[in-house]
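Results of the structural survey
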Amino acid sequence: LGPATYNESSDSVTVHVPPTRSDILHPVDVIEDVAIAYGYNNIKQQVASTLTVGGPLPINQFTDLIRQEIARAGYMEMLTHGLCSIAENFTNLRRPIGPAVSLSNPANVEYEVVRTTLVPGALKTLAHNRSISHKDGVRLFEISDVVIPTDNEVGAKNIRKFIGLHAAHSSAFEVVHGLADRVFRCAQILPQEGYSQSSVTKEEYADMKRVSRPGWSYYMRPSADPMYFPGMGAEIVLAKQTSSDSGDEEFAVGSMGVIHPDVLANFEITYPCSVVEIDMEAIMD
């Protein structure tokens, strides 16, 4: 490391890192170098001056509960790789190539970018397990992180998402539709009255409203996402009441629909399937 200066006013030390020390990424790396130079065995052992109580992050606790509910609904959890090819992440889904965190020296063509959606992993899992009986339907789900480029200090951020997939002899769009409703019910988010009036009675809706978060609601609207079969895709919209008179704040938190046959062919899938993908952080905040 380069020369270090002590700032008495802030009780801090400034260290200059030479370009040859590419392993120094954080102040804790400097602390590690100092500890090695001083000698770990020379550090006096003592009880920490502060006491803390550990616990899971809110997003981890929330998604763990959602995992249990989805598993009880008959879905099998999968764990897919966080890296994929540009074709799998965009072209094979009939989507235009967009921004993504890319690897400068990928090991092979399947590890070119960090995924921005969980759909490729779900479709690849289904394709590699095509021998499974589809008579009663194949139900898969995953809750994992995707990475989106942003303007923050590291240039990207993780977003926790959920994907559910159902494949059978028919597309069974209504199955993933019900799964999406179940996830929002578990998150205590009420469907908008106009959206749900054909599926629940007034008494059932009043009971749902009693245990829902005030000011939060959701509904579906048609989607033009080319990954879905035309006319069989929908955006999931979350609406939040605001303190101003401008009305509710609305934004898309996910999508669902029947996968387009061209997408199925790109992943060598022979049976029709439907998927739902939801931003878990957006519905937890």
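The following paragraphs examine the structure supplied in this document. (Residues numbered from 1 in each chain as written. Predicted model: local features only at pLDDT ≥ 70, side-chain atom pairs only at ≥ 80, totals over all residues. Heavy atoms only, no water.)

**Overview of the pattern of salt bridges**
Applying the stated criterion across every chain yields a total of 14 salt bridges. With a shortest N-O distance of 3.8 Å, Arg94 and Asp262 are connected by a salt bridge. Of this pair, Arg94 sits in the loop between helix H3 (86-89) and strand S5 (113-114) while Asp262 sits in helix H8 (residues 261-266), and the two are 168 residues apart along the sequence. Classification of Asp262 by relative accessible area gives partly exposed; the value is 40%. (Salt bridge = Lys/Arg side-chain N within 4 Å of Asp/Glu carboxyl O. Helix = DSSP H or I, 4+ residues; strand = E, 2+ residues; numbered from the N terminus. Buried < 20%, exposed > 50% of the residue type's maximum accessible area, 1.4 Å probe, protein only.)

**Here we look at empty space enclosed by the protein**
Counted under the stated rule, the structure contains two cavities of 30 Å³ or more. The computed volume of the largest cavity comes to approximately 50 Å³. Considering only residue class, the lining of the largest cavity consists of three nonpolar, two polar and two charged. Space inside the second largest cavity adds up to approximately 30 Å³. Contributing to the lining of the second largest cavity are Arg185, Gln188, Ile189, Leu190, Pro191, Met208, Val211 and Ser212. Considered class by class, the residues forming the lining of the second largest cavity number five nonpolar, two polar and one charged. (1 Å grid on protein atoms, 1.4 Å probe; cavity = no way out; pocket = protein on both sides within 12 Å on 5 of 7 lines; lining within 4 Å. Points joined across faces, edges and corners; volume = space filled by probe spheres on them. Nonpolar A, V, L, I, M, F, W, Y, C, P; charged D, E, K, R; others polar.)

**A word on helix H5 (residues 173-186)**
Taking 1.5 Å of rise per residue, 14 residues should cover 20 Å, and H5 covers 20 Å from first to last C-alpha, within 8% of that figure. Those residues of H5 lying buried are Val176, Leu179, Ala180, Val183 and Phe184. All buried residues of H5 project into a common sector of 135° when viewed along the axis, lining one side. Once H5 finishes, Gln188 follows within two positions and takes phi at roughly 60°, a positive value. (Expected span 1.5 Å × (residues − 1). Arc of directions from axis to C-beta.)

**Side note on the nonpolar core**
Core analysis: the biggest nonpolar cluster contains 28 residues, and Ile70, Phe162, Ile236, Val276, Ile278, Met280 and Ile283 have the highest contact counts within it. Broken down by secondary-structure element, the contributors of at least two residues to this core are helix H2 (58-72), strand S6 (138-149), H5, strand S9 (216-222), strand S10 (228-240), strand S11 (249-259), strand S12 (273-279) and helix H9 (280-284). Here the element with the most residues in this core is H5; it accounts for five residues. Those residues in contact with Ile70 that sit more than four places away from it in its chain are Tyr75, Phe141, Ile143, Phe162, Leu179 and Val183. (Core = buried A, V, L, I, M, F, W, Y, C linked by side-chain atoms within 4.5 Å. Contact = heavy atoms within 4.5 Å.)

**With respect to a nonpolar patch on the surface**
The grouping of Ile36, Tyr38, Tyr40 and Ile43 at the surface amounts to a nonpolar patch, some 450 Å² of accessible area in total. Assignment of secondary structure puts Tyr38 in helix H1 (residues 27-38). For Tyr38, a relative accessible area of 52% gives the class exposed. (Patch = residues over 30% accessible without salt bridge, like charges linked within 9 Å, V, L, I, M, F, W, Y side chains within 5 Å. Areas by Shrake-Rupley, 256 points an atom, 1.4 Å probe, with all protein chains shown as cover.)

**Comments concerning the environment of His81**
Along the chain, the position of His81 falls in the loop between strand S3 (76-77) and strand S4 (83-84). Here His81 falls in the partly exposed class, since its relative accessible area comes to 48%. Sequence-wise, His81 and Phe184 are 103 residues apart; in three dimensions their C-alpha atoms are separated by 26 Å. Those residues in contact with His81, other than ones at most four positions away along the chain, are Tyr111 and Arg115. Among the polar contacts listed, one links the side chain of His81 to the backbone nitrogen of Leu83, at a separation of 3.0 Å. (Polar contact = N/O pair within 3.5 Å; in protein donor to acceptor, adjacent residues only side chain to side chain.)

**What about the side chain of Asn89?**
Looking at the secondary structure, you find Asn89 in helix H3. Asn89 sits in the buried class, given a relative accessible area of 1%. Leaving out residues up to four positions away in the same chain, Asn89 has contacts with Cys84, Val113, Arg115, Thr116, Thr117 and Pro120.

**Remarks on the layout of surface pockets**
The calculated volume of the largest pocket comes to roughly 380 Å³. Going through the elements one at a time, strand S7 (156-167), S11 and S12 are the ones with two or more residues in the lining of the largest pocket. Ranked by residues supplied to the lining of the largest pocket, first place goes to S11 with four residues. A class-by-class count of the residues in the lining of the largest pocket yields seven nonpolar, six polar and six charged. Of the voids in this model, the second largest pocket is the one considered here, and its volume is about 210 Å³. Leu190, Lys209, Gly215, Trp216 and Ser217 are the residues nearest the centre of the second largest pocket, which is lined by 13 residues in total. Secondary structure elements with two or more residues in the lining of the second largest pocket: helix H7 (202-210) and S9. For the lining of the second largest pocket, the per-class residue count stands at five nonpolar, four polar and four charged.

Honestly, that's just the spatial picture; any functional story needs more than this.
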